[in-house]
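As a plain string of letters, each chain reads:
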Amino acid sequence: MNIETIIGFMAALLSAISMAPQVVKIYRTKKTSDLSLGAFGTLATGLFLWLVYGLLIHSLPVVVGNGIGFTITTYIIIMKIRHG
């Protein structure tokens, strides 16, 4: 694995897990009133498009990072819809 791929995976991992604290807080408190559905919807759309782009250019770091980020963001959106 070359240095570019390692840096790509590290960047993807950090970006993907950046929402983990928010997920933990939502899971524990079930409170989402301060979250913007529009902002997270836009973020999810962008992450999904990055995921598709990664698939098209066959870039595993882009696919993995954005796949994880999209999954986490989708969870936040679902919880926002459920708990308002």
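Because the structure is a prediction, the values reported are computed rather than measured.

A. Summary view of the packing of helix α3 (residues 37-57) against helix α4 (residues 60-83). At their nearest, the axes of α3 and α4 sit 8 Å apart, and the two run at 155 degrees to each other. Classed by the angle they form, the pair α3 and α4 counts as roughly antiparallel. The handedness of the crossing between α3 and α4 comes out as left-handed. Of α4, the residues touching α3 (which contributes Leu37, Phe40, Gly41, Leu43, Ala44, Leu47, Phe48, Trp50, Leu51, Gly54 and Leu55) are Val62, Val63, Asn66, Gly67, Gly69, Phe70, Thr73, Ile76, Ile77, Lys80 and Ile81. Its residues placed into classes, the contact of α3 with α4 shows 15 nonpolar, six polar and one charged.

B. Expanded view of the environment of Glu4. Assignment of secondary structure puts Glu4 in helix α1 (residues 3-17). Residue Glu4 is classed as exposed on the basis of its relative accessible area, which comes to 56%. Sequence spacing of Glu4 and Gly67 is 63 residues, and the spatial spacing of their C-alpha atoms is 19 Å.

C. Focus on α4. Across its 24 residues, α4 extends 34 Å between first and last C-alpha, which sits within 8% of the 34 Å expected from 1.5 Å per residue. One or two steps after α4, the chain reaches Gly84, where phi turns positive at roughly 65 degrees.

D. Quick look at the environment of Tyr27. Residue position: Tyr27 is located in helix α2 (residues 20-29). Taking the C-alpha atoms as reference points, Tyr27 and Met79, 52 residues apart in sequence, are found 8.5 Å from one another.

Cut-offs used in this document
- Residues numbered from 1 in each chain as written.
- Predicted model: local features only at pLDDT ≥ 70, side-chain atom pairs only at ≥ 80, totals over all residues.
- Heavy atoms only, no water.
- Axes fitted to C-alpha atoms, helices over the stretch in contact; angles between N-to-C directions.
- Helix = DSSP H or I, 4+ residues; strand = E, 2+ residues; numbered from the N terminus.
- Parallel < 35°, antiparallel > 145°, perpendicular 65-115°, else oblique.
- Left-handed = near helix turned anticlockwise from the far one by under 90°.
- Contact = heavy atoms within 4.5 Å.
- Nonpolar A, V, L, I, M, F, W, Y, C, P; charged D, E, K, R; others polar.
- Buried < 20%, exposed > 50% of the residue type's maximum accessible area, 1.4 Å probe, protein only.
- Expected span 1.5 Å × (residues − 1).

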